[in-house]
Amino acid sequence: MISDLTKLPEVFASIKFEVGQPLKPFEQLMGCLPPASAALVPRIYRKLMCSPDSPIKQFYPDDFVVDMNGKRNPWEGVNILPFIDVKLLKATIEKECPDSALTADERHRNRVGKVYCYTYDAAVNDTVPSCNRDIGLPNIVKCNSRVDILENHSESTVSFKPELVPGTKIPYPGFPSLNVLPMDDAELKPCGINCFGFPSKYPNMILTMRQLPQLPGATQLAGNLIGKHIFVNWPMMHEAKVVAVLDSSCEVRIVKKQMKTRNFNPPETERWNSVSEIMVDQYLVGAGYPGSGGVAIGDVQIRLKVVPLQGMKTSPVDGSSKKLFGNEEAEIPLQLALFNSPAPDPRFMERGPMKLKDRFPPKCRVVLTKRKVQGLHRDCVECC
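The residue numbering used here restarts from 1 in each chain and proceeds along that chain's sequence as written. The predicted nature of this model means local features are confined to residues of pLDDT at least 70 and side-chain atom pairs, given and counted, to a pLDDT of 80 or more, with totals for whole chains, interfaces and linings taken over all residues. Heavy atoms throughout the structure, all of them, feed into the side-chain values; hydrogens and water do not.

Draft legend 1. Quick peek at the sheet that holds strand 13 (residues 295–296). Taken in spatial order, the three strands of this open sheet run 7-8-13, and their pairing is mixed. Sheet topology places strand 7 (183–189) and strand 13 at the edges, where each strand pairs with a single neighbour. Taken together, the two bridges between strand 8 (residues 204–209) and strand 13 define a ladder with parallel strand orientation. Across the sheet, residue T208 finds its bridge partner in strand 13, namely A296. Paired strands, in this sense, are two strands between which DSSP finds at least two bridges. The helix and strand labels rest on DSSP assignments: H or I over at least four residues marks a helix, E over at least two residues marks a strand, and numbering proceeds from the N terminus.

Shown next as structure tokens:
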């Protein structure tokens, strides 16, 4: 939970423990598998999970409580299981399942292996043989990486540091970021957020957006908003184009290159206010699916109708590219629109006509799309 990520330096400074040794593979399996999966461990281990006379039978209860916490499906719940006493587990395995009772293959599987560290290295151009040719995996040619064996890795004193790695860019194109819209407060409080079909019974972290001042009406704002490219679906911030502006009294959009205003009658105004209230509620308590809820957006004065960016269309004639927007409109409150991209995505930038030599530089790989040679791959030698 986000509420657990506060005051991390103090939390880590207070943690004191003795560094031990990693569990052997079979010990790890005995610490996480249920009795129904006993076939996955060697035969002599299975009695410890299934026999009523096992000294550690309490670690493998046949019946247990599942905390659903508002979830619908059993696999989404949290199993309430007893904590495993590692010392008792290891002592019991040592007594009841000594390594001498294992086969040579089982002893080989039950050892602590080496730790390999793979690092990118442009100077390395080795060919790595396929690990399984039978399923079509080829060799890795010119694999720019090296592998080192880490000795005494368990003796490392390096621990987690609650800080960003130097060079981290926030926000970054294509990735969500909470701080691209102005927030005034964050508070942990019971709100009953519904993101799985049921309201949460625990407190939730609620973000409160900075309130907008009193805004002009839709007719005054439309000229500056319609046709503009904005960014929606916070915190992902996908690009969209504004096609209409609405307030409680009217909707303004361009029809046949003319700005047209459609005034609402009383039932339409009442419906507009009702939909705005639903939006406020869904942004706060969720709409029944993950990613919704947790934001107090304040009153909705203006709503925008937008069409989302679907991709780029490249001209086969001159290589120019233009943004391609969809036809289905979506409505969003004005306060959740961002008018400048916090992290421009180079994949969705328009470009003008390109010279032939720039589109097809020498030695580039091309796919032929016409006539009898359609689908053939060839290397470009020269552009005329």
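Draft legend 2. Helix 6 (residues 218–225), seen in detail. Considered for burial, the residues of helix 6 that qualify are A218, L221, A222 and L225. Buried residues of helix 6, viewed axially, fall in a sector of 120 degrees; they line one side. Those residues of helix 6 that are exposed and angled more than 90 degrees off the buried face are Q220, G223 and N224. The inward-facing, buried residues of helix 6 contact strand 10 (238–246), strand 11 (250–255), strand 12 (258–263) and strand 14 (303–314). The first or second residue beyond helix 6 is G227, which carries a positive phi of 90 degrees. A simple rule labels every residue: compare its accessible area, found with a 1.4 Å probe on the protein chains alone, to the largest value its type can have, and call it buried under 20%, exposed over 50%, or partly exposed in between. As used here, the arc is the angular range of directions from the helix axis to the C-beta atoms. What makes two residues a contact is simply this: any of their non-hydrogen atoms within 4.5 Å.

Draft legend 3. Representation of the pairing of strand 12. By the bridge criterion, six bridges tie strand 11 to strand 12 in an arrangement that is antiparallel. Along strand 12, the bridge assignment pairs C250 with N263. Where strand 11 hands over to strand 12, the hairpin turn is made up of two residues, of which K256 adopts a positive phi near 50 degrees.

Draft legend 4. Highlighting the layout of surface pockets. By volume, the largest pocket amounts to about 1,100 Å³. Around the largest pocket sit 36 residues that line it, and I193, G291, S292, G293 and G294 are the ones nearest its centre. Across the lining of the largest pocket, the residue classes break down as 23 nonpolar, 11 polar and two charged. Detection works on a 1 Å grid of protein atoms alone, calling trapped sets that fit a 1.4 Å probe cavities and calling open sets with protein on both sides within 12 Å along at least five of seven lines pockets, with lining residues defined by an atom within 4 Å of a point. Grid points are joined across faces, edges and corners, and a volume is the space filled by probe spheres set on the points. In this structure, the second largest pocket spans a volume of roughly 430 Å³. Taken together, 26 residues line the second largest pocket, and the ones lying closest to its centre are M237, H238, E239, D345 and F348. Every element with two or more residues in the lining of the second largest pocket is listed here: strand 10 and strand 14. If you tally residues by element for the lining of the second largest pocket, the top one is strand 14, at three residues. Taken together, the residues of the lining of the second largest pocket break down into 16 nonpolar, six polar and four charged. When residue character is reported, Ala, Val, Leu, Ile, Met, Phe, Trp, Tyr, Cys and Pro are called nonpolar, Asp, Glu, Lys and Arg charged, and the others, Gly included, polar.

Draft legend 5. Quick look at helix 7 (residues 266–285). One less than the number of residues in a helix, times 1.5 Å, gives the span that helix is expected to have. Its 20 residues place the ends of helix 7 29 Å apart at the C-alpha level, agreeing with the 28 Å of an ideal helix rising 1.5 Å per residue. For helix 7, the elements touching its buried residues are strand 10, strand 12, strand 14 and strand 16 (330–333). A 3.5 Å cut-off defines polar contacts: any pair of N or O atoms within that distance qualifies, except that in protein one atom must be a possible hydrogen donor and the other a possible acceptor, and neighbouring residues in sequence count only when both atoms are side-chain atoms. Where helix 7 begins, the capping side chain belongs to N265, and its oxygen is found 2.9 Å from the backbone nitrogen of E268.

Draft legend 6. Structural detail: the nonpolar core. Residues I230, V242, V245 and L304 are the most contacted members of the largest nonpolar core, which totals 18 residues. Elements with a minimum of two residues in this core: helix 6, strand 9 (229–232), strand 10, strand 11 and strand 14. Broken down by element, the residue count for this core peaks at four residues, all from helix 6. Discounting chain neighbours no more than four positions away, the residues touching V245 are A218, A222, L225, I226, C250, E251, V252, I302, R303 and L304. To define a nonpolar core, start from buried Ala, Val, Leu, Ile, Met, Phe, Trp, Tyr and Cys residues and group those joined through side-chain atoms within 4.5 Å.

Draft legend 7. Region of the structure containing unusual backbone geometry. The step from I170 to P171 runs through a cis peptide bond, and the omega angle for that step is -5 degrees. Looking at the secondary structure, you find P171 in the loop between strand 6 (145–150) and strand 7. For the bond from W234 to P235, the omega torsion is 10 degrees, close enough to zero to count as cis. Positionally, P235 belongs in the loop between strand 9 and strand 10. The residue K256 is not glycine, and still its phi comes out positive at about 50 degrees. With respect to the helices and strands, K256 occurs in the loop between strand 11 and strand 12.

Draft legend 8. Region of interest: the side chain of R253. By the secondary structure assignment, R253 is in strand 11. In terms of polar contacts, R253 uses its side chain to reach the side chain of E329, at 3.1 Å.

Draft legend 9. Focus on the pattern of salt bridges. Salt bridge, as applied in this entry: a Lys or Arg side-chain nitrogen positioned within 4 Å of an Asp or Glu carboxyl oxygen. Under the counting rule described, the total for this entry stands at 15 salt bridges. Here R146 makes a salt bridge to D148, at a shortest N to O gap of 3.2 Å. The class of D148 is partly exposed, set by a relative accessible area of 32%. The partner of E331 in a salt bridge is R303, with the nearest N and O atoms 2.6 Å apart. Taken together, the residues span a long stretch of sequence, with E331 in strand 16 and R303 in strand 14 at a distance of 28 residues. Judged by its relative accessible area of 4%, R303 falls in the buried class.

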